[in-house]
Amino acid sequence: MHEVVLLLDTDHERGLESGEAARRLQRQGPNALPPIHRRGPLVRFLLQFHHPLVYVLLVAAVATLLLGEVVDAVVILGVVLINAAIGFVQEARAEHALDALMAMVRTRATVVRSGTRLRVPSEDLVPGDLVVLEAGDRVPADLRFLSAHELQVDESALTGESVPAGKAPVTLPADTALADRANMAYSSGLVTRGRGHGVVVATGADTEIGRIHRLVGEAEVLQTPLTRKIGRFSRILTAAITGLALLAFVGGTARGESAGQMLTAAVALAVGAIPEGLPAVVTITLAIGVARMARRRAVIRRLPAVETLGSTTVICTDKTGTLTANAMTVSTIVAGRRSYAVSGTGYAADGDVRDDAGRAEPGSHPALRECLVAGALCNDTRLVGDAGRREVAGDPTEAALLVAAEKAGLDLDGLRHRLPRVGAVPFDSDRRYMATLHRDAGSGRVVAYVKGAVERLLDMAADELCDDGSASPVDVDAVHARADELAGQGLRVLAMGRVELPAGTTALTEQLLDGTVTLLGLQAMLDPPRPEAITAVAACRDAGIQVTMITGDHAGTARAIAERFGLGSPTPAVVTGTELAACPEEELPELVSSTTVFARVSPEQKLRLVQTLQALGHVVAMTGDGVNDAPALRRADIGVAMGLSGTEVAKEAADMVLTDDDFASIEAAVEEGRGVFDNLRKFITFILPTSIGQGLVILVAIALATTLPILPVQVLWVNMTTAVALGLVLAFEPLEAGVMRRPPVPPSRPLLTGPLAGRIVLVSALMLVGAFGLFEWALAQGAGVEVARTVAVNVFVVVQVAYLLNCRSLERPMWRVGVVVFLVIEAEKWLRGAQRRAPATVVGPRDPS
C-alpha cells in the first residue's frame, strides 16, 4: 500500500495538492476514453456501391445514357440506389458500441485534495488522486484500496462474477487474475455495500475499461457466411457476364454491325444476365426472418445475422443468466443432521421444503425452523416488487435465504416485528461471518443469529441443534464432509448459528460469540440451470452444433453447471484463464478443439478463443452481457447480447439481443436462421434461371444477327417486378421438417451445389427455347416485333410461375410439398395484368439491335 502511495507521489490522508492535480490533468489528459476514428456517412454510403454486380450495372447505365436511352438508364440507376440505401441504413444502426462504452464512465466522484473532500467530474481525476467510495457510487477510475470497511463492489459487467466481490487493502501476487484482485476496483464498477478509500492508479485509456475500449475498436468485424458466399458467387457471375458482353460486342462489330447497335445489345445482355432483384429479395427475406425471430424473443440488430445463425457451428455461451437463471436459489438445507430439498427457482416464493417423508413443516422440525429464521433475520437484503417479478435490493445470496424461508411458510414481516434487530456485527472478509442481535418484543428474550463460512462457524461453535430441538456436541467431521459434498456439486454453502444471550444485553461483540454459537445447520445455494436451456443445449448438439461455456466464474462452479448440461460429459475438463495464458500458440487450436468449458477468462482471452475457433473453420456465435464480452461479441460471426441483464455496451456490440436472456431463445433463433437460409437458397435457385435464360436469348440473337427478342427495360421489368413479386412467396415458406436434425452447412460449401446448378441450367435452357422459339414463331405469323417481344416476355413469366411451385422445396418433389391453389390463381391474375403493363419498344423490322 505504502509503495503505491510513494510511486504515485501522493498522500494517503490529504491526497494530491490541488495545483499538482491540475498540472497532472494538463499533462496526462482527462479521465475519458479516447475517440476512435470511424468512417463518415458519405464514405459508408459510397461503399455500398463497392460490389462487382453494381459495377456492371453502373457501366450499363452510363452506356445506355450515352446512347440516349434515358428511361433505361434511370431504371438501372434507380435499382442501384435503392439497394445502396437499404445497405446504408442497416450499417448506420451498428455504429454505437463505442459511444455507449464512453457514456458508461461519465460520473462524478468524491475526491480528497489538499485535505478537503470535493465532488468533481470523473473526467478530472488523475493518477494519485485519493477517492472516497460509498454504497451506490460508481467507481470512476481504476483504484488501489488504502482502506475498506465491509466494502463490496459489483464488477459483473467486467469480470463475469455473479455476486459482488469483497474488497480489502491486502497485498496480492502480481499475476493474480483480474476477478480475484480484492485490493482493486475498476472503472464502471458499482459499490453495493460498505465504504473505502483508494488511490487512482489508472485513468482514461489506461484503465481496464480503456483496454477493452481499444479491443472493441480494433476487433475486426467479419463477413457473414452468406455475404462471403454471395460475394464469391457475384465475382464469378460478374466475370462471366462481362466476358460474354465483350465477346458479343467484339463479335458483332467484327461482322460489320454498327458499334452503337452492338453496344445496346451488349448492355441488354449484361442487364439480362444480372439478377437485379437478388439484393432486394435477400434483404426482404432477412427482414421476414427478423420478424419471425422477434416473436421468439430474439431481436436482430444486423440483417445478415439472421442467416448466420443457421450456419453456426459453435456457440460460445456465458453461464450466468444464459444457461442459468441469474437468481441465487437455496436448493439444499442440512439441519438437525437431516437433509431437506428446496424446490423452485428464482426470487418468487414458488416451491416448498421437503424431506424423504414429503413436505417438511418448520413447526415439526425445530432445527430446520431455526436455520431458516437465522438466514432470514441475519440479513440486510430486501425483495422489492410484486410476486410475479421481484428485484433484489442488496446481496443475491441473502435474497436466496429470504426466499427459502418464504417457501417454508415463514412470515418474514412477522419475524422482523417479533424479533426486531437491536445490534449487529457486520460481515468482514477477515471475520468471515455476520451476526445480528434481536430482542423478543413480547418476552424480552435476547438472541443473536450468525451466518458465515462453514469453517469459521465451526471454530465458534459450542454445540449443535438436533432435529428435536435439543443440543448435542458438534460432529465436526460430519459437517465438513457434508459441506464438501455440497461444494463439490457447485453449491455455495453457508452455515447458520444462534447464541442465547442474557436479557440485559444491549450490544453485540465478537467476544460474546466466540465459543458460544449453537450450530443450526447449512444452507446450500446455486444459480440454478434453466430447465428450458438444458433442453435447448441438447437440441443444439443434435443439430451438430458444439456448445462451449466461457465464464468468468470459478472453475468448480463452471464444472458443476457443465455436468448438469452434459457439456464434455461425463466429466468436463475445465481450462482456466491462467492455463490458457500459459498455452503456447501452436498448441492452442488443439486445446480449444478438445475443451468445452473455460473459466476465469479475461476479455482478451475470450477474443482469442473466438479467433482460434474461426481459424479452425467454425462459424462462431458468442453470447455475453458485460463490458468484458464486447470485444468477443464484435469479433464473433454473430454476437448475442442479453436484453435484461446486459450492459448497453454489450447490446451495441452484438448482432442479436435476447429479450429473455435465455439460451433456449438462441436455439429457437438458430432454427429460424436455418429456415431463412433454406428460403434464400430457394429464391436464388428460382431467380437465376430467369436471368440466365434472358442472357442466353440475347446472346443467341446476337450470334444469329437477328432482332433482340427482349430489350433492357423489359429485362429490368421482369427481374425487378415479376420475378421479385413471385419469388417473395418463397420468403414466407415455413420451416421444413427436421431442420434441427441435420448438421450445419459447412462454411466452405458453395451457395449452389452441383444438383442445384444442373436444375438451373435445365430451366434456363427451357426458357431459351420457349422464348426465342415463340418470338420467331410470332414474327413468322406476321405479328409486329413489339407483339413478338411481349410474347417472349410472357414466356419467361409463365415458366417462372410453374418453376416457383417446384422451388418450394429443394429436397422433395412438388406434389409432396403441396400445391397452393391460391398461388396459382394469383399468378394467373398477375399474368393478365402483366400483358397490359409490359413495356414494348417499337423498332424497325429485323433490326439487329
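Scroll up to find the structure this text is about.
In this text the structure is predicted, and so the values were computed from the model without any measurement.

Calculation notes
Residues numbered from 1 in each chain as written. Predicted model: local features only at pLDDT ≥ 70, side-chain atom pairs only at ≥ 80, totals over all residues. Heavy atoms only, no water. Helix = DSSP H or I, 4+ residues; strand = E, 2+ residues; numbered from the N terminus. Contact = heavy atoms within 4.5 Å. Areas by Shrake-Rupley, 256 points an atom, 1.4 Å probe, with all protein chains shown as cover. Phe/Tyr/Trp six-rings, centres within 6.5 Å; stacked < 30°, edge-to-face > 60°. Buried < 20%, exposed > 50% of the residue type's maximum accessible area, 1.4 Å probe, protein only. Pairing = 2+ DSSP bridges. Expected span 1.5 Å × (residues − 1). Polar contact = N/O pair within 3.5 Å; in protein donor to acceptor, adjacent residues only side chain to side chain. Axes fitted to C-alpha atoms, helices over the stretch in contact; angles between N-to-C directions. Right-handed = clockwise from strand over helix to strand, strands pointing away. Core = buried A, V, L, I, M, F, W, Y, C linked by side-chain atoms within 4.5 Å. Parallel < 35°, antiparallel > 145°, perpendicular 65-115°, else oblique. Left-handed = near helix turned anticlockwise from the far one by under 90°. Nonpolar A, V, L, I, M, F, W, Y, C, P; charged D, E, K, R; others polar.

S.K.: I keep staring at the overall build of the protein and nothing clicks. Help me out?
M.R.: The helix and strand inventory of the protein stands at 31 helices and 28 strands. Pairs at least 24 apart in sequence give 71% of the contacts found in the protein among residues at least 6 apart. Just so you have it, the protein exposes about 34200 Å², and 58% of that area is on carbon and sulfur atoms.

S.K.: Explain the packing of aromatic side chains here, please?
M.R.: To describe a pair of aromatic rings, one takes the distance between the centres and the angle between the planes. Enumeration according to the criterion identifies 2 aromatic pairs in this entry. Judged by centre distance (6.4 Å) and plane angle (50 degrees), the ring pair of F683 and F686 falls under tilted. You can see F683 and its partner F686 sitting in helix α26 (residues 663–703), 3 residues apart, about one turn around the helix. The pair formed by F683 and F686 is uniform in burial state, with each residue classed as buried. On the numbers, 6.3 Å between centres and 20 degrees between planes, the contact of F686 with Y803 is stacked. Of the two residues, F686 sits in helix α26 while Y803 sits in helix α29 (residues 785–806), which places them 117 residues apart along the sequence. For F686, a relative accessible area of 0% translates into the label buried.

S.K.: Explanation requested: the pairing of strand β1 (residues 108–113) in the structure shown.
M.R.: Side-chain direction in a regular strand flips from residue to residue, so the side chains alternate between the two faces of the sheet. Most of β1 is tucked away: 5 of the 6 residues are buried. Pairing of β1 with strand β2 (residues 116–121) involves 6 bridges; the strand directions are antiparallel. Looking at β2, one finds that R108 is bridged to P121.

S.K.: Any chance you could explain unusual backbone geometry here in plain terms?
M.R.: Most peptide bonds take the trans configuration, and most residues that are not glycine carry a negative phi. The residue E150 is not glycine, and still its phi comes out positive at about 55 degrees. If you trace the backbone, E150 turns up in strand β4 (residues 142–154). In this structure E150 comes out as partly exposed when scored by relative accessible area, which is 22%. Not every positive phi belongs to a glycine, and D661 is a case in point at roughly 55 degrees. Within the secondary structure, D661 is located in the loop between β28 (656–658) and α26.

S.K.: Can you walk me through α26 in this structure?
M.R.: For an α-helix, the turn length of 3.6 residues means that residues three or four places apart are oriented alike. Its 41 residues give α26 an end-to-end C-alpha distance of 59 Å, which sits within 8% of 60 Å, the value for a rise of 1.5 Å per residue. Among the 41 residues in α26, 36 count as buried, and that is most of the element. Its side-chain oxygen at 3.1 Å from the backbone nitrogen of A664, D662 defines the N-terminal cap of α26. Looking one or two places after α26, you find A705, whose phi comes out positive at around 55 degrees.

S.K.: Which parts of the structure should I look at to understand the sheet that holds strand β8 (residues 298–300)?
M.R.: Strand pairing in a sheet is mediated by backbone hydrogen bonds. Such pairs are either parallel or antiparallel. With respect to topology, 8 strands assemble into an open sheet ordered β8-β28-β27-β26-β9-β23-β25-β24, the strand pairing being mixed. The open sheet has two edge strands with one neighbour each: β8 and β24 (574–576). Neighbour-to-neighbour, the strand axes of the sheet open up by a mean angle of 20 degrees, direction not taken into account. Across 3 bridges, the pairing between β24 and strand β25 (residues 597–599) is parallel. Bridge pairing in β25 links V575 to F598. The strands touched by helix α23 (residues 603–615) within the sheet are β9 (314–317), β23 (546–551), β25 and β26 (620–624), with β26 carrying the most contacts at an inclination of about 165 degrees. Contacts from α26 reach β8, β9, β23, β26, β27 (638–642) and β28, with the element oriented near 160 degrees to β9.

S.K.: In this structure, what is going on with the pairing of β26? I would like to understand it.
M.R.: The buried fraction of β26 is high, at 5 of 5 residues. Alternating residues of β26 divide into V620, M622 and G624 and A621 and T623, and every residue in both groups is buried. Note that β9 and β26 share 3 bridges and pair parallel. The residue of β26 that forms the bridge with C316 is M622. Bridging between β26 and β27 involves 4 bridges; their strand directions are parallel. Bridging across to β27, G624 finds its partner in A641. In this fold, β26 hands off to helix α24 (residues 630–635), which returns the chain to β27; that crossover is right-handed.

S.K.: Explain the nonpolar core to me, please; I cannot follow it from the model alone.
M.R.: Taken as a class, soluble globular proteins show a tendency for nonpolar side chains to be buried jointly. With 129 residues, the main nonpolar core has L513, M656, F663 and F686 as its most contacted residues. The greatest single-element share of this core, amounting to 17 residues, is contributed by α26. Sequence-distant contacts of F663, that is, excluding residues within four places in its chain, are made with I315, T317, T322, L323, A533, A536, V537, C540 and V547. In terms of nonpolar packing, the next biggest core, distinct from the first, is built from 40 residues, I333, A335, C371 and L401 among them.

S.K.: What's the story with the packing of helix α28 (residues 754–780) against α29 in this structure? I'm lost.
M.R.: The geometry of a pair of packed helices is captured by two quantities: the angle between their axes and the separation between those axes. Taken N-terminus to C-terminus, the directions of α28 and α29 make an angle of 155 degrees; their axes are 8 Å apart at the nearest point. In terms of their interaxial angle, α28 and α29 are classed as roughly antiparallel. In this structure, α28 meets α29 at a crossing whose hand is right-handed. Here R759, V763, M767, G770, A771, L774, F775, A778 and L779 of α28 lie close against α29, whose contacting residues are V785, A788, R789, V791, A792, V795, F796, V799, Q800, Y803 and N806. Classifying every residue of the contact of α28 with α29 by side-chain character gives 15 nonpolar, 3 polar and 2 charged.

S.K.: What am I meant to see in the environment of I212 here?
M.R.: Along the chain, the position of I212 falls in helix α8 (residues 208–218). As a C-alpha pair, I212 and V627 span 415 residues in sequence and 7.6 Å in three-dimensional space. Not counting residues within four places of it along the chain, the set of residues in contact with I212 comprises L158, P603, V627, N628 and P631.

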